[in-house]
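Here is how the chains run, residue by residue.
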Amino acid sequence: DAGVIQSPRHEVTEMGQEVTLRCKPISGHDYLFWYRQTMMRGLELLIYFNNNVPIDDSGMPEDRFSAKMPNASFSTLKIQPSEPRDSAVYFCASSLGATGAGTDTQYFGPGTRLTVL
Amino acid sequence: GNSVTQMEGPVTLSEEAFLTINCTYTATGYPSLFWYVQYPGEGLQLLLKATKADDKGSNKGFEATYRKETTSFHLEKGSVQVSDSAVYFCALSDNFNKFYFGSGTKLNVKP
């Protein structure tokens, strides 16, 4: 299996521009997670989906951030407009199923390093 | 609420030294516990997991035992190698499939 795929790997943009990050989860996984990692705040869960439906978006920092999952094999995280404080590494992860079933292990993609100038 | 606390780093060891990275958790219900490892420039990789009390997870010489009485899941390795240098994250998974990660502990192993 190819694992979780993210694109682009690196993104440099200017403040005010729209940024779209993309994720392809592992085939057959029902859960998809978006995280942000910074030195100051560590690893933060932004939002997660179950069967393409957003379940918990309480970690999304503000209205400039939005995430969609139009089908089981694709998700996007969009920032519009971007700001320098959004600079971070954004990870996508997927898992097969629910806690307790032994299928809750999350598999991470390689991340997208976003720099907003 | 749910949370994970792990020892701050960096931890610097010589090759072949014994490693312990402490992790304690607070959780309702019966969480699963995990250790993930992150090498420079890469995503997090599952190192080991335990799904119930007294379970021991192990992989690549690393071990951790799920201790409900002390709410701990300490990571240990008997003899570290330079290639083990990375950041290690303790995490728990609640009954709703949501993960809570610790802040990470950076391990530096010197030859």
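Residues numbered from 1 in each chain as written. Chains lettered and ligands numbered in written order. Predicted model: local features only at pLDDT ≥ 70, side-chain atom pairs only at ≥ 80, totals over all residues. Heavy atoms only, no water.

Asks: How would you explain the pairing of strand β8 (residues 62-65) of chain B if you had to name every residue and give the values?
Replies: Residues and elements named next belong to chain B. Two strands pair when backbone bridges link them, and strand β7 (residues 56-59) and β8 are joined in this way by 4 bridges, in the antiparallel orientation. Each residue of the ladder has a partner; that of Ser58, found in β8, is Glu63. The turn joining β7 and β8, which pair antiparallel and follow one another in sequence, is formed by 2 residues; a positive phi near 55 degrees is taken by Lys60. (Pairing = 2+ DSSP bridges. Helix = DSSP H or I, 4+ residues; strand = E, 2+ residues; numbered from the N terminus.)

Asks: Residue-level account of the pattern of salt bridges, with values.
Replies: The final tally for this structure, using the stated rule, is 12 salt bridges over all chains. Of the charged contacts, one joins Lys52 of chain B and Asp55 of chain B as a salt bridge, the two residues approaching to 3.3 Å between their closest N and O atoms. For Lys52 of chain B, a relative accessible area of 51% corresponds to the exposed category. Three or more residues are tied together by salt bridges with common partners; here these are Glu62, Arg64, Glu83, Arg85 and Asp86 of chain A. (Salt bridge = Lys/Arg side-chain N within 4 Å of Asp/Glu carboxyl O. Buried < 20%, exposed > 50% of the residue type's maximum accessible area, 1.4 Å probe, protein only.)

Asks: Could you give an account of the sheet that holds β8 of chain B, with specific residues and numbers?
Replies: All names here are of chain B. Overall, antiparallel pairing links the 4 strands, which are arranged β3-β9-β8-β7 in an open sheet. Looking along the sheet, the strands with just one partner apiece sit at the ends: β3 (19-21) and β7. Averaged over all pairs of adjacent strands, the angle between their axes in this sheet comes to 15 degrees, without regard to strand direction. (Axes fitted to C-alpha atoms, helices over the stretch in contact; angles between N-to-C directions.)

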